[in-house]
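Spelled out, the chains give:
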Amino acid sequence: MSTPTNQPSPKNWYKWFDPRGRDLGTWAFILNRLTALGLTFYLFLHLIVLGQLAIGPDAYDQFVELLHSPVFIFGELLVVIAGIYHGLNGLRVGLTSFGIAIPYQKQIFIGLLILTIIGSIYFGITMFTA
Amino acid sequence: MDMSHHQKDLWTVTFRVFRQKGNAAGHYDTFKLEVNPDEYVIDAVERIWAYHDRTLAFAHACHHSTCGACGMRVNGVEKLTCITPIHTVAKNGGITQVDPLRNFPVVSDLVVDMGSLYQRMEQVGHRPVLPLPEEPAGLPVRKNNGNEYVRLSDCIECGLCISACPVALSTPGYIGPAVLAGALQHGIKAAPALLALVDSEDGVWRCHSAFECTKACPSYVEPGTKIMQLRKQVVGERFANLFRSNR
């Protein structure tokens with residue numbers, strides 16, 4: 001009787017990230033969810049890294065050495081970018097939740113995107129030139 | 001300036017219409033129509049049914065954005081098709097896609113089962129027609145030849161907001177924008193039983209402030225804003241309950 005693809009379901013998770021036909025708010029939602037997933041993934045990685053301490057100082061030092069490679073630095077930059085966006089969008093959601101600046105929520109979203117880009121450039125330069 | 005398109009300005013538009021019967025897989029059928037671009041999308045759908053395929057199922061009634069029956073997705077965007085001029089969603093010689101609303105079970109072709117929406121609207125006590133003395137705003141009641149005025153609710157229960165909502169797309173449990181806006185008709189102070197329903201995982205706190213509902217609403221209910229107002233009421237009531245329980 002029903003179309004599974006038409007129904008809200010975790011099985012249709014890929015549709016959560018489909019912005020076609022949608023407004024800016026869905027972009028805010030998509031980026032919020034992606035960054036949340038990314039930050040959660042990072043949290044687990046972080047625990048794994050800390051878990052190296054239980055093995056011993058040598059294992060930890062070797063692992064930390066690996067983290068100095070450009071690939072891992074880029075990964076850390078992604079974490080920083082996700083943190084900036086997720087935090088700023090959290091402020092947007094918090095403001096609108098209290099009825100503040102609801103008519104300007106799109107402008108706030110564009111503003112926080114600009115801040116995220118500026119932050120990304122700043123931290124990108126800082127992290128890769130350190 | 002005459003903005004209307006005359007008969008000589010007919011457009012040729014191919015309508016790509018979602019079809020599904022029973023448990024069969026969904027697919028699209030195409031129908032090439034000569035249309036006046038000032039006509040509405042529902043007119044084209046009706047013509048497809050009348051002259052091309054009598055098995056096409058779709059819902060409609062009033063043709064003037066009051067009944068909320070003809071909500072569909074046109075080119076992926078939720079529209080009340082009786083007030084959506086074809087020239088706003090089509091090009092001469094182009095293709096326009098028509099789909100059923102999202103987040104509701106498809107009954108047949110373009111018809112979806114919106115029973116969950118209606119049940120939830122009843123659950124929050126939303127009434128489409130409200131006597132003025134019961135309005136939350138407490139407006140002065142005027143009489144018309146001795147009869148009380150009644151106010152029609154802005155929400156026409158068309159379901160467009162639920163279809164547009166990215167959060168409703170992720171979970172069927174979410175009460176949804178129309179219902180949360182409907183809960184504000186009485187407010188938590190007037191109907192304390194609402195608090196448990198809306199102050200829940202699938203209530204006001206599930207909303208992620210995408211405001212797609214407000215964009216889609218053809219009746220200017222602004223469900224997104226209403227959800228935020230309801231949140232304020234919920235927070236206020238929680239604080240009040242703290243002091244009540246300390247007495």
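Conventions we followed
- Residues numbered from 1 in each chain as written.
- Chains lettered and ligands numbered in written order.
- Predicted model: local features only at pLDDT ≥ 70, side-chain atom pairs only at ≥ 80, totals over all residues.
- Heavy atoms only, no water.
- Helix = DSSP H or I, 4+ residues; strand = E, 2+ residues; numbered from the N terminus.
- Rg over C-alpha atoms; globule rule 2.2 N^0.38 Å.
- Buried < 20%, exposed > 50% of the residue type's maximum accessible area, 1.4 Å probe, protein only.
- Contact = heavy atoms within 4.5 Å.
- Areas by Shrake-Rupley, 256 points an atom, 1.4 Å probe, with all protein chains shown as cover.
- Lys, Arg positive; Asp, Glu negative; His and termini not counted.
- Charge placed at Lys NZ, Arg CZ, Asp CG, Glu CD.
- Pairing = 2+ DSSP bridges.
- Axes fitted to C-alpha atoms, helices over the stretch in contact; angles between N-to-C directions.
- Buried area = accessible area lost by both parts, 1.4 Å probe.
- Salt bridge = Lys/Arg side-chain N within 4 Å of Asp/Glu carboxyl O.
- Polar contact = N/O pair within 3.5 Å; in protein donor to acceptor, adjacent residues only side chain to side chain.
- Parallel < 35°, antiparallel > 145°, perpendicular 65-115°, else oblique.
- Nonpolar A, V, L, I, M, F, W, Y, C, P; charged D, E, K, R; others polar.
- Phe/Tyr/Trp six-rings, centres within 6.5 Å; stacked < 30°, edge-to-face > 60°.
- Left-handed = near helix turned anticlockwise from the far one by under 90°.
- pLDDT = per-residue confidence, 0-100.
- Domains from an automatic or database assignment.

For the rest of this paragraph, the subject is the overall build of chain A. Along the backbone of chain A there are four helices and zero strands. The N-to-C order of helical and strand elements in chain A reads α-α-α-α. The C-alpha radius of gyration computed for chain A amounts to 19 Å, which surpasses the reference 14 Å derived for 130 residues by more than 25%, pointing to a less compact arrangement than a globule. The C-alpha extent of chain A, read off along each of the three principal axes, is 55 × 40 × 25 Å. Looking at chain A as a whole, 30% of its 130 residues qualify as buried. At a minimum sequence separation of 6, the contacts of chain A that also span at least 24 residues come to 59%. Taken as a whole, chain A presents about 8100 Å² of accessible surface, with 75% of it coming from carbon and sulfur. Looking at charge distribution, chain A has the averaged site of its 7 positive side-chain charges lying 28 Å from that of its 6 negative ones.

All names here are of chain B. Ordered in space as 2-1-5-3-4, the five strands form an open sheet in which the pairing is mixed. The open sheet has two free edges, formed respectively by strand 2 (27–35) and strand 4 (77–80), since each of these has just one partner strand. Taken pair by pair, the neighbouring strands of this sheet meet at an average axis angle of 35 degrees, ignoring direction. One ladder, built from four bridges, connects strand 1 (residues 11–19) with strand 5 (residues 95–99); its direction is parallel. Of the residues in strand 5, the one forming a bridge with V17 is V98. Contacts from helix 1 (residues 41–52) reach strand 1, strand 2 and strand 3 (71–74), with the element oriented near 100 degrees to strand 2.

Another point: the interface of chain A and chain B. On the chain B side, the residues contacting the 28 residues of chain A number 34 residues. Note on chain A versus chain B: buried area summed over both sides is about 2600 Å², and carbon and sulfur give 52% of it. Viewed at the interface, chain B and chain A are joined by three salt bridges. Note that D23 of chain A is salt-bridged to K215 of chain B, the shortest N-O span being 3.7 Å. The interface formed by chain A and chain B holds six residue pairs in polar contact (both at pLDDT 80 or more) in total.

A few words now on the packing of helix 1 (residues 24–55) of chain A against helix 2 (residues 57–66) of chain A. When two helices pack together, their arrangement is given by the angle between their axes and by how far apart the axes lie. Residue and element names in this part refer to chain A. Remark: helix 1 packs on helix 2, axes separated minimally by 6 Å, with the N-to-C direction vectors making an angle of 150 degrees. Classified by the angle between their axes, helix 1 and helix 2 sit roughly antiparallel to one another. Residues V49, Q52, L53 and I55 of helix 1 lie in contact with helix 2, whose contacting residues are A59, Y60 and F63. The class makeup of the residues in the contact of helix 1 with helix 2 is six nonpolar, one polar and no charged.

Residue and element names in this part refer to chain A. In this structure the tally under the stated criterion is six aromatic pairs over all chains. Relative to F17, the ring of W13 lies with its centre 6.4 Å away and its plane at 70 degrees, an arrangement referred to as edge-to-face. According to the relative accessible area criterion, F17 is partly exposed, its value standing at 23%. Centroid distance Y85 to F109: 6.5 Å. Interplanar angle 85 degrees. Geometry classified as edge-to-face.

As a further point, take the packing of helix 1 of chain A against helix 3 (residues 70–97) of chain A. Residues and elements named next belong to chain A. Helix 3 packs onto helix 1 with a crossing angle of 130 degrees between their chain directions and a minimal axis gap of 9 Å. It follows from the interaxial angle that helix 1 and helix 3 lie oblique. The interaxial crossing formed by helix 1 with helix 3 has left-handed handedness. Contacts between helix 1 and helix 3 pair W27, A28, L31, N32, T35, A36, L39 and Y42 from the former with V79, A82, G83, Y85, H86, N89 and R92 from the latter.

Residues and elements named next belong to chain B. One pass over the full model with this rule turns up 13 salt bridges over all chains. Salt-bridge contacts for K21 lead to D109; the nearest nitrogen and oxygen are separated by 2.7 Å. Of this pair, K21 sits in the loop between strand 1 and strand 2 while D109 is found in the loop between strand 6 (106–108) and strand 7 (111–112), placing the two residues 88 residues apart along the sequence. Assessed through its relative accessible area of 0%, D109 is described here as buried. D202 is the partner of R206 in a salt bridge, and the nearest nitrogen-oxygen pair spans 2.9 Å. Residue classification places D202 among the partly exposed residues on the basis of a relative accessible area of 22%. The network of salt bridges with shared partners includes R19, K21, D29, D53 and D109.

Confidence in the prediction for chain B averages 89 pLDDT; 87% of positions are at 70 or higher. The complex model carries a pTM of 0.86, and its ipTM stands at 0.82.

The pairing of strand 3 of chain B with strand 5 of chain B spans two bridges and is antiparallel. Directly across from R73 of chain B, in strand 5 of chain B, lies its bridge partner D99 of chain B.

Our focus in this paragraph is the domain arrangement of chain B. Residues and elements named next belong to chain B. Assigned domains within chain B: domain 1 (11–112) and domain 2 (115–246). Distance from the C-alpha centre of domain 1 to the C-alpha centre of domain 2: 29 Å. With 14 residues of domain 1 at the interface, the matching set in domain 2 holds 15 residues. Interface of domain 1 and domain 2: buried area, both sides summed, is about 1100 Å²; carbon and sulfur atoms make up 60% of it. The three residues of domain 1 that bury the most area against domain 2 are E78, N103 and F104, which together make up 46% of that side's buried surface. Among the secondary structure elements, those contributing two or more residues to the side of domain 1 that touches domain 2 are strand 3 and strand 4. Looking at side-chain class alone, the side of domain 1 that touches domain 2 contains five nonpolar, five polar and four charged residues.

Residue and element names in this part refer to chain A. Mapped onto the elements, L115 comes out in helix 4 (residues 105–129). Judged by its relative accessible area of 48%, L115 falls in the partly exposed class. Considered as a pair, L115 and G83 are 32 residues apart in the sequence and their alpha carbons are 12 Å apart.

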